[in-house]
Amino acid sequence: MRVLAYLAAQAGPSPAAAVAQHLGLPRSTVYHLLSVLVEEGFVTHLPEEHRYGLGTASLALGSAYARQAPLARLARPVVGRLVESTGESAHLAVLNGREVLYLVEQRAPRRPALVTDVDVRLPAHLTASGRAVLARLPAAQVRALFPGPSAFADRTGVGPQSLRALRDVLREVRARGWATEDGEVSPGLASVARAAVDHTGSPVAGIALTFVSDDVPPARRAELADAVGRAASEISRRLGARTPLPPRESPGRRGRTAVREVEPWSAIEPWSAK
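Residues numbered from 1 in each chain as written. Predicted model: local features only at pLDDT ≥ 70, side-chain atom pairs only at ≥ 80, totals over all residues. Heavy atoms only, no water.

Visitor: Can you lay out the pairing of strand β6 (residues 179–182) for me, pointing to particular residues and giving the numbers?
Guide: What you see with β6 is a clean split: Ala-179 and Glu-181 sit on the buried side and Thr-180 and Asp-182 on the side with no burial. With four bridges joining them, β6 and strand β7 (residues 189–197) adopt antiparallel strand pairing. Residue pairing for β7: Ala-179 is matched across the bridge by Ala-193. Here β6 hands over to β7 after six residues, with Gly-183 in that stretch at a positive phi of 75°. (Buried < 20%, exposed > 50% of the residue type's maximum accessible area, 1.4 Å probe, protein only. Helix = DSSP H or I, 4+ residues; strand = E, 2+ residues; numbered from the N terminus. Pairing = 2+ DSSP bridges.)

Visitor: Give me the lowdown on the pattern of salt bridges, citing residues and values where you can.
Guide: It is possible for side chains of opposite charge to pair when their charged atoms get near one another. Across all of its chains, the model carries ten salt bridges by this definition. Put simply, Arg-107 and Glu-105 hold a salt bridge, and the shortest N to O gap is 2.9 Å. By relative accessible area, which is 36% here, Arg-107 ends up partly exposed. Among the salt bridges present, the one from Arg-131 reaches Glu-184, with a minimum N-O distance of 2.2 Å. On the criterion of sequence distance, the pair formed by Arg-131 in helix α6 (residues 128–134) and Glu-184 in the loop between β6 and β7 is long-range, its members being 53 residues apart. Both residues of the pair, Arg-131 and Glu-184, belong to the buried class. (Salt bridge = Lys/Arg side-chain N within 4 Å of Asp/Glu carboxyl O.)

Visitor: Can you break down unusual backbone geometry residue by residue, with the values?
Guide: Residues other than glycine seldom take positive phi values, yet Arg-110 does so here, at roughly 60°. With respect to the secondary-structure elements, Arg-110 resides in the loop between β4 (99–106) and β5 (121–123). Positioned with a positive phi, Asp-119 is a non-glycine residue whose angle comes to about 75°. The residue Asp-119 is located in the loop between β4 and β5 in this model.

Visitor: Pulling in residues and values, what's your account of the pairing of β4?
Guide: In the sheet, strand β3 (residues 89–96) pairs with β4 via seven bridges, with the strands oriented antiparallel. Looking at the pairing, Val-94 lines up with Leu-101 of β4. Between the antiparallel neighbours β3 and β4 lie two residues, among them Gly-97 with a positive phi of about 65°. Pairing between β4 and β5: three bridges, direction antiparallel. Looking at the pairing, Leu-101 lines up with Arg-121 of β5.

Spelled out as structure tokens, the structure:
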């Protein structure tokens, strides 16, 4: 699994020596593992280049993951409890290019209709869930997603329309600990969101609550953000998020890679509908 994870993280095929060095394993062991993986189709050997890359069986695994929709299945009951405990509508979305794609949507009774729904896409830089995820990405990745003015879609005339403005928004998200938007997706509606992470600390989805802006004062918004944080923490645990290692820790001699630091809200007690 560590061999596959290393190959998946590279921009292209890698020599066996690089795999052995990164994992801290003897070359003979790595060659044996690679030969078995090649036999089973999970790795492809490129003899002219003396390198190894992922094989078609690895692609099949990725496709099976998408078919089974485990993220939506794991998150749906947590989103449901969040709606029950807050009385507001909630949703979960993943980053898809410069947009967010909504996978889970649950409306609270007697709350206003929303433009969000399952399979709906919205500009990530305008949504709270998108901002929660973008705030945890490397600066270079955000810059690649938003290279120029044409990358910034507009819905209501409000929201960042340049990389500099977006960076300011994301800086505020990191400082505050949660993302927000107010009237940038739909006039009169606002949202708060936080990101769920996987076992590496990478953001995989944003979970958000949406409410009528005028009905929710700042103190209540902070309470809603705390509730969203507990839900995001629970989803993260369901995805296998581990206790984070110090962010600057380098790989150990046995090849164990440090997990990126997870924000404090993902280390709280399991979320419940209390």
